[in-house]
Amino acid sequence: MNPAIKPIVTRFPPSPTGYLHIGGARTALFNWLYARKTKGRFVLRIEDTDAARSTSQSVDAILESLTWLGIDWDEGPYFQTQRYSIYNDYIEKLVESGHAYHCACTPEEVDRMREEAKAKGQKPMYNGKCRNLNLTGGDHTVVRLKTPDTGVTVVEDIVKGPTAFQNSEIDDFIIRRGDGSAMYNLAVVIDDITMGINTIIRGDDHLINTPKQMLIYAALGADMPVFGHVPMVLGSDKARLSKRHGAMSVGEYKKMGFLPDAMINYLVRLGWSHGDQEFFERDDLIQKFDLEHLGRSASMFDTDKLMALNAKHIQKKTPEELAGPLVFHLKELGIDAKNDAFTQGVVQTLQPRSKTLVEMAQGAAFYYHEEVEWDPAAADKFLTPDVLSVLELSAERIEALDPYTQEALEAAFTLILEETGLKFGKIAQPLRVAVTGTTVSPGIFEMLLALGKEKTLKRIKKAVRFIQDKA
RNA sequence: GGUCCCAUCGUCUAGUGGUUAGGACGCUGGCCUCUCACGCCGGUAACACGGGUUCGAAUCCCGUUGGGAUCACCA
């Protein structure tokens, strides 16, 4: 198949009944990647025909999450609620061609049929009562597809392999409700046909719908798309991912300080592989993604691994790229920061030691505070009379530094060490506590540099006074 | 229950008849070191079970077991 002649067209069709969750994001990602890789098109379609559960807030949230992940669409979003007349045209066609028929049976009647069938140990199916009655429709009449009684429908699934379903297992399912609205299986097929979708990658909870949908394609004489059903993402107890497994919406992961690139990297590896490679950047992924290496078995979501990947992506990014998102997370901590040279300097010191942006923001807080806030225990242990003179000397030497660079700082302390005969370990912790307030921080020199001369001096001097007062 | 799908370290996976079964996360020993990290070196740990096919099976077939999905005038 020459892609120049027949471009790949994929789609993502979320139901706006909640936020974009992890599993949905992964499905969207697979479709998007495949479209991008093949230079095809990616269509976004909102399946909002369930009026009771669909909300516009959900639509907004889903669009926002996709945008955050960097998954962009070439067409849409289309809304199924705006396409009812299209579905009806096709349903009429199906009735006229004899592939579908009106059915006047009430839901109660159908329930009874199912009960009776069950009682006889048979499958609970519609018994085809109206099948050959040639009803012409009317109030509360539904339309059913006339499905074959014999033979098999084989889904040539590109991830599961060929999967056969006995047509006798498929009953004459409803394609249009009594109120005139189209049912899911019909709407999906008509949408996919009219939108030119030729590659459908979706969760394997849809695998059982597929033969029904294929029957509609066949009845319409339409080209069959390529199907690929990827396994579900499970929670840590191997049950389908749900709220009780913790965060499941993409938005929550943004709040927790994950990078979109890390999310994408993690999600794609959940069910797809490229040999031993674990770390992928966007462009690399678009280039390497394929359908051949999609996995067939379900996988569990593992936050630890996401975390590790996030740390790697944080390390790979430039301070410029990270400063913006960091500002957002600093704001969450009540810190007003800007994406400027100062923040970028801060980022640089924290990059190798932050697994998330939240962690980075917490580690960065001390840089922004007007006054140092010492951890009592740390101050008690390290801001002691025996380091008073070194701290004073440090302040003196730092004050004289011009220019204030990391090299100059290192040189100044090398000299102090020589003069005093102290080991660096002796003065590093007191200095760290004096300036940051805690015993944990980035390396002394890079940290003093990022903090700036003025704040550094102010804090060391404050520590000196603190020790003097204590004495 | 019927139908369908799935099965390699705890987790994500590589593997497509012949490998000391590889990598990553986690856990862990060590190195590095101004703290915490990063990084580097090493360790731990898997082919669910039973039958076949084959000179030879993680790889192919069947069964068992165990998971999952689905059985609507929801999507």
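Residues numbered from 1 in each chain as written. Chains lettered and ligands numbered in written order. Predicted model: local features only at pLDDT ≥ 70, side-chain atom pairs only at ≥ 80, totals over all residues. Heavy atoms only, no water.

Counting secondary structure elements, chain A contains 19 helices and 12 strands. The C-alpha radius of gyration of chain A comes to 32 Å, more than 25% above the 23 Å expected for a compact globule of 471 residues. Projected onto its principal axes, the C-alpha coordinates of chain A cover approximately 105 × 50 × 40 Å. Burial statistics for chain A: of 471 residues in total, 50% are counted as buried. As displayed, chain A offers around 22700 Å² of accessible surface, 52% of which is attributable to carbon and sulfur atoms. Treating the 56 positive side-chain charges of chain A as one cloud and the 64 negative ones as another, the clouds have centres 3 Å apart. (Helix = DSSP H or I, 4+ residues; strand = E, 2+ residues; numbered from the N terminus. Rg over C-alpha atoms; globule rule 2.2 N^0.38 Å. Buried < 20%, exposed > 50% of the residue type's maximum accessible area, 1.4 Å probe, protein only. Areas by Shrake-Rupley, 256 points an atom, 1.4 Å probe, with all protein chains shown as cover. Lys, Arg positive; Asp, Glu negative; His and termini not counted. Charge placed at Lys NZ, Arg CZ, Asp CG, Glu CD.)

Turning our attention to the protein's contact with RNA strand B. Lining the immediate environment of RNA strand B, one finds 59 residues, of which Ser 15, Arg 177, Glu 278, Arg 353 and Ser 441 sit closest. For RNA strand B, the fraction of atoms within 4 Å of the protein that belong to sugar or phosphate moieties is 66%. Between Lys 160 and RNA strand B, the recorded distance is 2.5 Å, taken from a side-chain N or O atom to a sugar or linking oxygen. Within the backbone of Gly 271, one N or O atom sits 2.8 Å away from a phosphate oxygen of RNA strand B. If you list the elements that add at least two residues to the surface near RNA strand B, you get α4 (107-119), β7 (161-166), β12 (299-300), α10 (303-316) and α17 (424-436). The element that contributes the greatest number of residues to the surface near RNA strand B is α10, accounting for 5 residues. Grouping the amino acids of the surface near RNA strand B by side-chain chemistry returns 20 nonpolar, 16 polar and 23 charged. (Near = heavy atom within 4 Å. Polar contact = N/O pair within 3.5 Å; in protein donor to acceptor, adjacent residues only side chain to side chain. Nonpolar A, V, L, I, M, F, W, Y, C, P; charged D, E, K, R; others polar.)

Contact geometry of helix α15 (residues 388-399) with helix α16 (residues 406-420) gives a least axis separation of 10 Å together with a crossing angle of 140°. In this view, α15 runs oblique relative to α16, as classed from their interaxial angle. Both α15 and α16 take part in a crossing whose hand is right-handed. Across the interface between the two elements, Val 390, Leu 393, Ser 394, Arg 397 and Ile 398 of α15 pack against Leu 409, Phe 413, Leu 415, Ile 416, Glu 419 and Thr 420 of α16. Grouping the constituent residues of the contact of α15 with α16 by class yields 7 nonpolar, 2 polar and 2 charged. (Axes fitted to C-alpha atoms, helices over the stretch in contact; angles between N-to-C directions. Parallel < 35°, antiparallel > 145°, perpendicular 65-115°, else oblique. Left-handed = near helix turned anticlockwise from the far one by under 90°. Contact = heavy atoms within 4.5 Å.)

To continue, consider the packing of helix α1 (residues 22-37) against helix α8 (residues 260-269). Where α1 contacts α8, the axes come no closer than 9 Å and their chain directions differ by 90°. Here α8 runs roughly perpendicular to α1, going by the angle between their axes. Seen from α1, the contacting residues are Ile 22, Ala 25, Arg 26, Leu 29, Phe 30 and Leu 33; seen from α8, they are Met 263, Ile 264, Leu 267 and Val 268.

Here the focus is unusual backbone geometry. In this structure, the amide linkage connecting Gly 76 to the following residue, Pro 77, adopts the cis form with an omega of 5°. Mapped onto the elements of the fold, Pro 77 is located in strand β3 (residues 75-79). Here the residue pair Asp 402 and Pro 403 is connected by a cis peptide bond, since its omega of 5° sits within 30 degrees of zero. Along the polypeptide, Pro 403 turns up in the loop between α15 and α16.

Among the structural elements, Gln 80 can be located in the loop between β3 and α3 (84-96). Residues within four places of Gln 80 in sequence aside, it is in contact with Arg 45, Ile 46, Glu 47, Asp 48, Thr 49, Tyr 87, Ala 187, Val 188 and Asp 191.

Topologically, Asn 185 is positioned in helix α5 (residues 184-194). Apart from residues lying up to four places away in sequence, Asn 185 is in contact with Phe 173, Asn 209, Lys 212, Gln 213 and Ile 216.

Take the sheet that holds β3 next. In a beta sheet, neighbouring strands are held together by backbone hydrogen bonds and run either parallel or antiparallel to one another. With parallel pairing, the 3 strands of this open sheet are ordered in space as β1-β2-β3. With one partner strand each, in any of the chains shown, β1 (9-12) and β3 form the two edges of the open sheet. Strand after strand, the sheet turns through a mean of 25° between neighbouring axes, direction not considered. Of the strand pairs in this sheet, β1 and strand β2 (residues 41-46) are connected by 4 bridges, and their pairing is parallel. Residue pairing for β2: Val 9 is matched across the bridge by Arg 41. Sheet strands touched by helix α2 (residues 56-69): β1, β2 and β3. Its angle to β2, the strand with the most contacts, is close to 160°. (Pairing = 2+ DSSP bridges.)

Now for the nonpolar core. Counting 58 residues, the largest nonpolar core has Leu 330, Tyr 367, Tyr 368, Leu 383, Leu 391, Phe 413 and Leu 448 as its most contacted members. In terms of residue count, helix α13 (residues 357-368) provides more of this core than any other element does, 8 residues in total. Leaving out residues up to four positions away in the same chain, Leu 383 has contacts with Trp 374, Ala 378, Leu 391, Pro 430, Val 433, Ala 434, Ala 463, Phe 466, Ile 467 and Lys 470. If you look at the next biggest cluster of nonpolar residues, it comprises 44 residues, including Phe 30, Leu 66, Leu 270 and Leu 306. (Core = buried A, V, L, I, M, F, W, Y, C linked by side-chain atoms within 4.5 Å.)

Further remarks concern the sheet that holds strand β8 (residues 174-176). Taken in spatial order, the 3 strands make up an open sheet running β4-β5-β8, and their pairing is antiparallel. With one partner strand each, in any of the chains shown, β4 (100-103) and β8 form the two edges of the open sheet. Between one strand axis and the next, the sheet turns by 45° as a mean value, whatever way the strands run. Sheet topology places β4 next to strand β5 (residues 142-145); 4 bridges connect them, and they run antiparallel. Of the residues in β5, the one forming a bridge with Ala 100 is Leu 145.

Right, let's get into the environment of Leu 285. Considering the arrangement of structural elements, one finds Leu 285 in helix α9 (residues 282-288). With relative accessibility at 1%, the residue Leu 285 sits in the buried group. Note: C-alpha distance between Leu 285 and Leu 330 (45 residues apart in sequence) is 31 Å.

So, about α4. Relative to the 18 Å expected for 13 residues at 1.5 Å per residue, α4 spans 18 Å between its end C-alpha atoms, a close match to the ideal helical length. As for α4, its buried residues are in contact with β5. Taken from the residues just after α4, Gly 121 is the one with a positive phi, measuring 80°. (Expected span 1.5 Å × (residues − 1).)

Moving on to the pairing of strand β9 (residues 199-203). For β9, the tally of buried residues reaches 5 of 5 residues, placing the bulk of the element in the interior. As paired elements, β9 and strand β10 (residues 226-230) share 5 bridges and run parallel to each other. Residue pairing for β10: Thr 199 is matched across the bridge by Val 226. The β-α-β motif built from β9, the intervening helix α6 (residues 210-220) and the parallel element β10 has right-handed crossover chirality. (Right-handed = clockwise from strand over helix to strand, strands pointing away.)

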